[in-house]
Amino acid sequence: MINLRGKTKDLAAVDGRRRIGLDAVMTALSFVLLLVIVVTPISMIIYHAFFYQGQFSLDLLIDQFTRETTLSAMWNTIKIALLVTVFGTIVGVFYAWLLGRSNIPGKSLMRFLFTIPYMFPPFLGAMAWDLLLNGRSGYLNRWAIKTFGLSSAPFNINSIWGIVFVELSYYFPFVFMQVVSALERMDPTLEESARIAGARQGTVIRKITLPLVTPAISSGALLILISSLAHFGVPAILGFSQGIFTLPTRIYAVIARSGGSFDGIRQGAALSILLVAVVAIALWIQQRVIRSGGYDIIKGKSMRPTVINLRGARIPLFILALSTLVVIVLVPLVMIFLVALVKAYGLPLIPANFTLANYERIFTASGTIESIKNSMILSVSAGFITMILGTLVAYVVQKIRPKGSTLLEVMSVLPYSIPGTVLAIGVILAWSGSLGINLYNTLWIILVAYIARYLSFSMKTSSAALLQVHPSLEEAARTCGASHTESLKDITLPLIRPAMVSGFFLIFLPAMREVTTSVLLYGPYTRTLGVQIYSLRDAGMMPQASALGSVAIVLIVVVNTIVNALNQRRKGV
Amino acid sequence: MAYVRFENISFAYGDNQVLKNFSLSLEKNEIMCLVGPSGCGKTTLVRCLLGLNRPSEGEIWVGDTCMFSSKRRINVPAERRGIGIVFQDYAVWPHLTVKENIAYPMRKRKVPKQEIDRRVEDVLRLVRMSEYINHLPSQLSGGQQQRVAIARALMTSDDLIVMDEPITNLDAKLREQMLYEIRELQRNVGTTVFYITHDQRAALQLGDRIAIMDPKGDLIQLGSDEDIILRPKTRFVFEFIGVTNFLNLKRVDGQHKLDLGSTLAPWPGEVPQELRGGAVIDVGIRPNDIVFDSSSPVRGTVERAVFLGSEYEYFVRAGEKTLRIQQGSLDAGQSGIVREGSEVGLKFLNPYYYPAAREEAV
């Protein structure tokens, strides 16, 4: 019989003088990569905001923070974010309850439709609403003026309220999805016992159901708040023409106006400090709320909750939900696709004015093809690299747990809490020569920003998967004769591969439609899809911008369908 | 020469010293059961043997190979120790079939494919899992997964297998069966088995020899089942191995009397020489070593009588103490079943004398 021990006479020599183990290599690699990718850009912003030519100086910060434009931008940012949060939460909770707990018809289909805005790029929505409700040239406004003989446009989307409305329609799914799943996982006996104890339906909702899903509501609401504070696309598209700025768009404007000069970037860095401070306060509140804890009574197991009979309100509420869907999903989509077909912006949207020339133009223009190619390269490579890096960091944090693993974890999720605009400035400051490496105007600089921005996605999915892999599985492989590397390759990696793949797509999809960071980082030959749409629109070529927008939508839908199909199949096994 | 030797092993997790100068030897082809309460360091010891933990001191030998030596700076890596292990949670790889799981140790040793196939079939027959060769672990029950884990351990090594609480996750009936099967398997293959458990009953059922660890991680007693049951070395072993009654003997005027709280009763037993000086002595008696004897001066009242099928269990109040007494159904039938509420005399057979726990603690 085979005996492993007999074969190795030099066993005594194997150990002792410990070679550098795989664990140590992975730990060191994680620290180095995170220092380079995450810590460097962030420290560069802080440095340049507080130091000028090697001297500590608060002049820049004081100058920027006391400007009227800065204060109004900050005020707008906070006002918009709070309004979006309040209304988004109300809409999200209302529809979560309606679709999760009532007997409204077509529930499961509607539930899917309500999550569509989640994957739709908000700046395309803003573009669509601008086409429809622009104060001067919006289709609906012009139609209303002509039909009712009004003297001025009845709607103006280029306003604070317009920005709030569009952001709202893309951010309420944060609350909607959280609350729907909480309602689903809630133990129905909790509500049933209240009914048995004599409480009315309305009382049960107020006193039992709502308090139980409060943790889900508040975590969704804070997600809206933080996303909206950092949001760039919608206010950029709707606010510029009316001089409405938020902090992220003000930062962009400052840098764009200076033509990318160092001075402009420094001013941007100073404003970034302010934006980060505002977001940090929101994050601090979020931490407090999360720590205050949820309830255990929401079980992981899915149960059949009691369904509430809407009786007479069933059909009116159904119509309300349907119209909401039409407004937030269908109208912008139709607008993009129709304007993409029209010969010139402003012509009536009737078949006589339709042409495929816009598509022909965008597909023959080298810049556009280039931008699709760039976005593809960036999304695939950012997805792939970040998936591997995130898994590496997750393995170190979850399995090796060296000293300082908490620091590692914080470093990997930090960039996601930092607005994309700010991250872009940090990346510019770090990688355009001042540290000896100049990536400016190359795809690399965008790639580095994407990796930092999306690292937390893959890190979180891989962490969750690794927690499921009990250490004894790897240890069993070791005792079976596998080296540490082999046990990783044969056991751990195959077990977390599905999570790694979904981590890839979690990065690929948002990277494909990204505009916030790339709009600050692109060079003449490195426009991304989002940047290209943005600049076509900026140049007044609405139909072509819409045509390219529709291409982006089709791409996103196709990839999403593939991902869902893959997920379905995996669950089937 | 013993087959597996732990020599003065010390191990600490940070400041928590788990093992201190621990030594133990296993003979070839025996089943050695290491028993101890949860958290006493059993698993740590196993992990040191497997090469998953690195002791701070000591030596570990398997056969004539030194696996670990702090002095000589030897630490054979886990993958080259060739020791089969069955973990408590089975650790059967969920993404591999039964065959792939079992073949893994062979594959890592570059054994030719035909040889692997032949051996997989052999070992599956041994654990009676042949028809599940292409199943995935998710399609198997807990007991079946455990058999796969045992088969895999046999593939890693056919001369030393470690089992760390292998049956704890199974239900009671299956536990009995698996114990029997492990015993049979060991007889057929002739492997040395190092079996770790906190369940003294499983250890008594399975082990050729039993080693008992106390909560501090020291080896207290090593011996056959008879040694452990009939000659428990310390009060800890005596209590650990089964249900016990503990009473105090108090020395009054040079005589030891049974302290029942409110009263003192005469103690007929012989106190061992070395304990005679103690003011208080603990005495331990098994429930089936107390018999009813109407002539005994120690009196009590039966508070509760429970019929358990093969035996009767009584809770008898004597003074301020409650004693647990077991009587075989056959004996009870012959001598008459004692009713609740009746007064009885108690006679103590086989008392075990220990220094008083209070004194021990000082």
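From a predicted model like this one, the values you see are computed outputs, not experimental measurements.

### Focus on unusual backbone geometry
For Lys110 of chain B, which is not a glycine, the phi torsion comes out positive at approximately 60 degrees. Following the sequence through the fold, Lys110 of chain B ends up in the loop between helix H2 (98-108) and helix H3 (113-126).

### Things to note about the domain arrangement of chain A
Residue and element names in this part refer to chain A. According to the domain assignment, chain A consists of domain 1 (77-244 + 295-353) and domain 2 (356-573). Using C-alpha coordinates to define each centre, domain 1 is positioned 27 Å away from domain 2. At the interface, 23 residues of domain 1 touch 24 residues of domain 2. Around 2,200 Å² of area is buried between domain 1 and domain 2 when both sides are counted, 72% of it from carbon and sulfur atoms.

### Focus on the domain arrangement of chain B
All names here are of chain B. Each assigned domain of chain B is listed here: domain 1 (2-239) and domain 2 (245-355). The C-alpha-based centres of domain 1 and domain 2 are spaced at 40 Å. The partner domain 2 presents 7 residues to the 8 residues of domain 1 that form the contact. Of the roughly 710 Å² buried between domain 1 and domain 2 on both sides combined, carbon and sulfur atoms contribute 56%. Along the contact surface separating domain 1 from domain 2 lie 1 salt bridge. Remark: the boundary between domain 1 and domain 2 carries 4 residue pairs in polar contact (both at pLDDT 80 or more). Going through the elements one at a time, helix H7 (225-230) and helix H8 (235-241) are the ones with two or more residues in the side of domain 1 that touches domain 2. When grouped by side-chain class, the residues that make up the side of domain 1 that touches domain 2 number 4 nonpolar, 1 polar and 3 charged.

### What to know about the pattern of salt bridges
Summed over all chains, the structure comprises 27 salt bridges over all chains. Arg537 of chain A is the partner of Asp130 of chain A in a salt bridge, and the nearest nitrogen-oxygen pair spans 2.8 Å. Of this pair, Asp130 of chain A sits in helix H8 (residues 122-133) while Arg537 of chain A sits in helix H25 (residues 529-538), placing them 407 residues apart in sequence. Glu184 of chain B is paired through a salt bridge with Arg187 of chain B; the nearest N and O atoms lie 3.3 Å apart. Here Arg187 of chain B and Glu184 of chain B lie together in helix H5 (residues 172-189), a separation of 3 residues that amounts to about one turn. Arg187 of chain B gets classed as exposed once you look at its relative accessible area, which sits at 56%. Through salt bridges that share partners, Glu486, Lys489 and Asp490 of chain A together with Lys108 of chain B make up one connected network.

The rules we used
Residues numbered from 1 in each chain as written. Chains lettered and ligands numbered in written order. Predicted model: local features only at pLDDT ≥ 70, side-chain atom pairs only at ≥ 80, totals over all residues. Heavy atoms only, no water. Helix = DSSP H or I, 4+ residues; strand = E, 2+ residues; numbered from the N terminus. Domains from an automatic or database assignment. Contact = heavy atoms within 4.5 Å. Buried area = accessible area lost by both parts, 1.4 Å probe. Salt bridge = Lys/Arg side-chain N within 4 Å of Asp/Glu carboxyl O. Polar contact = N/O pair within 3.5 Å; in protein donor to acceptor, adjacent residues only side chain to side chain. Nonpolar A, V, L, I, M, F, W, Y, C, P; charged D, E, K, R; others polar. Buried < 20%, exposed > 50% of the residue type's maximum accessible area, 1.4 Å probe, protein only.

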